[in-house]
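Structural characterization, general
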Amino acid sequence: MSVEPAVMASRSAVAQPVRQGGVRINDVVKIYGAKDTGLLAVDHCTFEVPPGEITVCVGPSGCGKTTLLNAIAGFHSITSGSIYLDDEMLCGPGKLKAQPGPDRIVVFQNGALFPWKTNIENVTFGPIMQGVMPRAEADDKARAMMADAGLRGIEHNYPGEISSGVRRRVEIVRALMNNPKILLLDEPYRALDSLTKSVMHEALLEIFYKNRVSIFFITHDLEEAIFLGHKVVIMTTRPCRPKKILDIDIPHPRDYSVLTTKRFREFMEETVAAVHEEAIKAFAAGEKER
Amino acid sequence: MTETSPVQVLTTEVPRAIAVDSGAGASLALAKYRLSLWLKSPRPYLMLIGFAGFLGFWYLSVEVWKLPRFSQMPGPTEVLHEWFSKDPTYGLSIFIPEYYMHIWVSTRRIAIAFFLATVIGVPFGLFLGWSERFKQFVFPVFEFLRPVPPLAWVPLAIVMFRGSETPVIFLTFLASFYATALNTMLGVESIDVSYVRAANCLGATRWQVFRHVIVPGAMPFIFTGLQISVGVAWFSLVAGEMVSGQYGLGYVINTSYTMVRYPTIIIGMATLGLVGYVTSAAVRLVGDYLMQWRTRELALGGDR
């Protein structure tokens, strides 16, 4: 088996950021329960998350996208196939469950800032647990990164004291503190209202342009997917596998004016039927189960 | 967008003193802030009206209407007179040192039993919630023993333990322990799996997850458990003191009954109510201090 080398970049060149954090999903199958009678959630799924880009996975709720994300993060095992991060095998034959680690950090659907720690304690949690930074250094770095993300003045508040939109940003800063290779975002803006959502999208892009960290983003919102993604993977309903993969050639940096452009509308027109078809199938399947 | 983010707007919503300070200063400020809110709200006055209504009903039914059901019952004036008398007819009032001896003995028993129930019950509950295997071994036995009321343990307690002190403490401990352990276990089980996963992503070891996620995450339930625990401790203490023991408020109530000192029964009951109220308030205060994240959240919730 030949392993493709990760995209090479010279570390000395400052202008050219190191492109890392590419994920390859090879023929992954996930069955919950017994192999012959269990629930087939992911069915021979193969696609790539290119390093230094935003890849968005769109599909109806419950289609198995989160299963895929959990397999990358190491929260549960796969049944067969393999997943690579750059040229390291996360899981595959002989090791069906990846080990969770700070090179791939998940931002959760409902947010998972620890409510019993202040915002800055949350942000410094990673480096302090791993023992890679003394507390004072971690505090300094956290303060700088929070200030950079427009989060000054809330360091010593608890997450319960700030709005959910701000909480999401703190959570992303908490992830970035660990210099992850890839961020895994599991419908992070699902619970937000559409106005806050639009602010969050631009904030996420801003963070991405600064850090160029690879992002794997899961959503059921097609507009969000096309607005954010370099690449959009439309998933079939359960069992989940790519139905259509699009390269969104709208140039970055993007802002909300993109939404009204002709090119954006064309992408929407091209994909909306495919997504709608899967949503109907998912709905019908839901009816049958009941 | 970096400078004029919505964050600044948000922090001004928090009462200033709470947002800026941290630690003990903040909790004091928070206590003051809450007290002033409380005094401005109708609650303290409604509470006074409630007590007045209760005492009024007692007074009317016993001393004015002389209802047949209440014919043996001492009225509030008689009880208050006895309670605050320098020379009480039945030998117990706030001027008699023995009165404080009874309170002290009961409180000491509660303190020992509650302490034991907490130091054993909390770790026990944490393990029940944390380890599926441990739970499978122990929980069925626990659930089998739990419905047995402390009173049913009285004979065994007297046979098992020497003296009059240890059986009472054992009985008091039992009910407290169940409440603490069960709530702690539920607390661990209530923790959102996302928090554990997030900690794993951030590189925490199993022990670090226990220390930084499981214990603080279960804390609200633990303190609910401790409040219930201190309540049921008084409950079973009095049961224990009525059966064995030479001092204590339960003993006072029981002997006053056999010696027909009815006002003293009421004094004992009212004292139990007061001391019990103080102990649960103390547990609540400690909880608020340890869980500032939660009290601040609640304080904010009340403001919005």
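Residues numbered from 1 in each chain as written. Chains lettered and ligands numbered in written order. Predicted model: local features only at pLDDT ≥ 70, side-chain atom pairs only at ≥ 80, totals over all residues.

As a measure of interface size, the accessible area lost when the parts come together is often cited. All names here are of chain A. Each assigned domain of chain A is listed with its residue range as follows: domain 1 (25–103 + 180–189 + 213–289) and domain 2 (105–176). Domain 1 and domain 2 are separated by 27 Å when their C-alpha centres are compared. Domain 1 puts 10 residues into the contact, and the matching count from domain 2 is 10 residues. Partitioned by chemical class, the residues of the side of domain 1 that touches domain 2 number 8 nonpolar, no polar and 2 charged. (Domains from an automatic or database assignment. Contact = placed C-beta atoms within 7 Å. Nonpolar A, V, L, I, M, F, W, Y, C, P; charged D, E, K, R; others polar.)

Residues and elements named next belong to chain B. Look at helix H6 (residues 97–130) against helix H9 (residues 165–190): their axes get within 7 Å of each other, and the N-to-C directions meet at 30 degrees. Between H6 and H9, the interaxial angle falls into the category roughly parallel. Where H6 crosses over H9, the two elements pack in a sense that is right-handed. Class assignment of the residues belonging to the contact of H6 with H9 gives a composition of 20 nonpolar, 10 polar and 2 charged. (Axes fitted to C-alpha atoms, helices over the stretch in contact; angles between N-to-C directions. Helix = DSSP H or I, 4+ residues; strand = E, 2+ residues; numbered from the N terminus. Parallel < 35°, antiparallel > 145°, perpendicular 65-115°, else oblique. Left-handed = near helix turned anticlockwise from the far one by under 90°.)

Our next topic: helix H11 (residues 206–243) of chain B. The α-helix winds at 3.6 residues per turn, so residues separated by three or four positions along the chain end up facing the same way. Residues and elements named next belong to chain B. Compared with the 56 Å implied by 1.5 Å per residue over 38 residues, the 47 Å span of H11 between its first and last C-alpha is markedly short. Maximal helix bending in H11 amounts to about 50 degrees, located at methionine 219; proline proline 220 follows within four positions. Note on H11: the residue one or two positions beyond its end, glycine 245, has a positive phi of about 110 degrees. (Expected span 1.5 Å × (residues − 1). Bend = angle between axes of the 7 residues up to and from the residue.)

Moving on to the nonpolar core. All names here are of chain A. Residues Ile72, Ile83, Val173, Leu183, Leu184, Ile215 and Phe217 are the most contacted members of the largest nonpolar core, which totals 86 residues. Ranked by residue count, the leading element in this core is helix H5 (residues 164–176), at 6 residues. Not counting chain neighbours up to four residues away, the residues in contact with leucine 184 comprise Leu69, Ile72, Ala73, Arg104, Ile105, Val106 and Phe216. (Core = buried A, V, L, I, M, F, W, Y, C linked by C-beta atoms within 7 Å. Buried ≥ 20, exposed ≤ 12 C-beta atoms within 10 Å, placed from the backbone.)

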